[in-house]
Amino acid sequence: MASEKTVVAVTCTAPVNIAVIKYWGKRDEDLVLPINSSLSVTLHQDQLRTTTTAVISKDFTEDRIWLNGLEEDVGQPRLQACLREIRRLARKRRSASDEDPAALSLSYKVHIASVNNFPTAAGLASSAAGYACLAYTLARVYGVESDLSEVARRGSGSACRSLYGGFVEWQMGERADGKDSIARQVAPESHWPELRVLMLVVSTEKKPTGSTTGMRTSVDTSPLLRFRAESVVPARMAEMARCVQERDFPGFAQLTMKDSNQFHATCLDTFPPISYLSDTSWRIVHLVHRFNAHHGQTKVAYTFDAGPNAVVFALHDTVPEFVAAVRHCFPPESNGDKLCVFERERA
Ligand code: 2P0
């Protein structure tokens, strides 16, 4: 029985997600509440994942955390917010069920070790997988079974989308306390088996402008961002959900590219401007449009997050030809660009 144990250890993994309708900007920084809803595709965990182990023990005297083998400051506000929130949910559960054996563990301190099998902070959505994994692992170790959107979101906004597989929306919500700002699965991972995701890794260096700082400057200075959040994204969320439900690849692809482009336009509209795309990123954009024009239909889509790396969507029968086109434009012997192929799956 858990009540007799002095040590409980749980290990979980969580996937990366790629937004096709982008989150950029918070209306409440403390609660991590966005100015618009967003929608993402969760990737398969075989290639990119975070693995987190949490151990609670009555013998631990303090909370501690290690990231990729190095001990980090457990006092970081976002980490503290996650820990506070999970313990609050665990207390709530205890008061609902006094018999719950996991309740005893509430007073125990936790040691957390988390590793990514991909470069951290390189625009490969590492914080999303990381905080989703943290929220899920802490929930298991403390016996919490409720929705974990708020716990993950308090760590990193996009993390709440990594709690689910398949196609996931993060509803911005309306409430000031954020209780309705939650992630929800739009379609399961089995829904669109032909859809493939490629990552064109342009750089694994740490991005010069972090997402949190970048968003804050954009919210403060970009009129385009406000227009986007209020007048563009609501209709795009509905249209993207339709494209996913109907497996409308050209519709999905075009909207994905337009939304990526508008997100980067808001970055340029920020003052001072933020520029995440490199010359290589732009060559990939042009390659995708040339490829689609050659076929007379939209067979491939790109999207870029807060970094120069491209994520490309295509149906499976298009992948070999597109990979050949990429290899032709970016011969391996002439530059350092790499190409990896990933599929998507549930958390
Ligand atoms: C997204 N990005 O929707 C967008 C697109 C980057 C560009 O979510 O401040 O690391 O921790 O809430 O979640 C990256 O932002 O930012 C992000 P915080 P987060 O995926």
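Refer to the structure above for everything that follows.
Please read these numbers as outputs of a predicted model, since none were measured by experiment.

**Q** So what about the sheet that holds strand 7 (residues 64-67)? Which residues, and what values?
**A** Sheets are built from strands paired through backbone hydrogen bonds, the pairs being either parallel or antiparallel. A sheet is described by the order of its strands in space; here 5 strands give the open sequence 1-6-9-7-8, paired in mixed fashion. Each having just a single partner strand, strand 1 (7-15) and strand 8 (70-72) make up the two edges of the open sheet. Across this sheet, the average inter-strand angle for adjacent strands is 20 degrees, counted without regard to direction. As paired strands, strand 1 and strand 6 (residues 49-57) are joined by 9 bridges and run antiparallel to one another. Residue pairing across strands places Pro-15 opposite Arg-49, the latter belonging to strand 6.

**Q** Outline the pattern of salt bridges, listing residues and values.
**A** In total, this model carries 15 salt bridges according to the counting rule given. For Lys-179, the salt bridge goes to Glu-150, with nearest N and O atoms at 3.2 Å. Placement of Lys-179 in the loop between strand 10 (167-170) and strand 11 (183-187) and of Glu-150 in helix 3 (residues 149-155) is noted, with a sequence separation of 29 residues between them. In this structure Glu-150 comes out as buried when scored by relative accessible area, which is 13%. When the shortest N-O distance is used, the salt bridge between Arg-228 and Asp-259 registers 2.8 Å. In this pair, Arg-228 is assigned in helix 5 (residues 223-245) and Asp-259 in helix 6 (residues 249-269), connecting sequence segments 31 residues apart. Here the residues in one salt-bridge network are Glu-150, Arg-153, Arg-154 and Lys-179, joined through shared partners.

**Q** Requested: an account of the nonpolar core, with residues and values cited.
**A** Phe-167, Phe-252, Ile-284, Phe-313 and Phe-322 are the most contacted members of the largest nonpolar core, which has 52 residues in total. Looking at which element gives the most residues to this core, the answer is helix 5, with 6 residues. Counting residues in each nonpolar core, the second largest holds 49 residues, with Val-74, Leu-134, Leu-148 and Cys-160 among its members.

**Q** I'd like a description of the pairing of strand 12 (residues 195-201), backed by residues and values.
**A** A large share of strand 12 lies buried, amounting to 7 of its 7 residues. By the alternation rule, side chains of strand 12 split into Leu-195, Val-197, Met-199 and Val-201 and Arg-196, Leu-198 and Leu-200, which are all buried. The pairing of strand 12 with strand 14 (residues 310-315) spans 6 bridges and is classified as antiparallel. Looking across to strand 14, one finds that Leu-200 is bridged to Ala-310.

**Q** So what about the packing of helix 7 (residues 279-295) against helix 8 (residues 319-329)? Which residues, and what values?
**A** To characterise two packed helices, one gives the angle between the axes of the helices and the distance between these axes. Following both chains from N to C, one finds helix 7 and helix 8 inclined at 135 degrees, their axes separated by 11 Å at the closest point. As far as their axial angle goes, helix 8 and helix 7 are oblique. Crossing hand, helix 7 versus helix 8: right-handed. Only Glu-321, Phe-322, Ala-325, Val-326 and Cys-329 of helix 8 make contact with helix 7, whose side of the interface consists of Arg-283, Leu-287, Val-288, Arg-290, Phe-291 and His-295. Considered class by class, the residues forming the contact of helix 7 with helix 8 number 7 nonpolar, 1 polar and 3 charged.

**Q** How would you sum up the site of the ligand? Please name residues and give values.
**A** In the vicinity of the ligand, 18 residues are found, and the nearest of them are Tyr-23, Lys-26, Arg-78, Ser-156 and Ser-158. Note that an oxygen atom of the ligand is positioned 2.6 Å from one of the side-chain N or O atoms of Tyr-23. At 2.6 Å, a side-chain N or O of Lys-26 approaches an oxygen atom of the ligand. Out of a free accessible area of 470 Å², the ligand has 93% covered by protein chains. Tallied by class, residues from the shell around the ligand come to 7 nonpolar, 6 polar and 5 charged.

**Q** Break down the environment of Ala-128 for me, citing the residues and quoting the values.
**A** By the secondary structure assignment, Ala-128 is in helix 2 (residues 126-142). Exposure remark for Ala-128: the relative accessible area of 1% places this residue in the buried category. Between the C-alpha atom of Ala-128 and that of Pro-15, which follows or precedes it by 113 residues, the distance is 8.2 Å. Setting aside chain neighbours within four positions, we find Ala-128 in contact with Asn-17, Ser-158, Ala-159 and Ser-162.

Criteria and thresholds
Residues numbered from 1 in each chain as written. Predicted model: local features only at pLDDT ≥ 70, side-chain atom pairs only at ≥ 80, totals over all residues. Heavy atoms only, no water. Pairing = 2+ DSSP bridges. Helix = DSSP H or I, 4+ residues; strand = E, 2+ residues; numbered from the N terminus. Axes fitted to C-alpha atoms, helices over the stretch in contact; angles between N-to-C directions. Salt bridge = Lys/Arg side-chain N within 4 Å of Asp/Glu carboxyl O. Buried < 20%, exposed > 50% of the residue type's maximum accessible area, 1.4 Å probe, protein only. Core = buried A, V, L, I, M, F, W, Y, C linked by side-chain atoms within 4.5 Å. Parallel < 35°, antiparallel > 145°, perpendicular 65-115°, else oblique. Left-handed = near helix turned anticlockwise from the far one by under 90°. Contact = heavy atoms within 4.5 Å. Nonpolar A, V, L, I, M, F, W, Y, C, P; charged D, E, K, R; others polar. Near = heavy atom within 4 Å. Polar contact = N/O pair within 3.5 Å; in protein donor to acceptor, adjacent residues only side chain to side chain. Areas by Shrake-Rupley, 256 points an atom, 1.4 Å probe, with all protein chains shown as cover.

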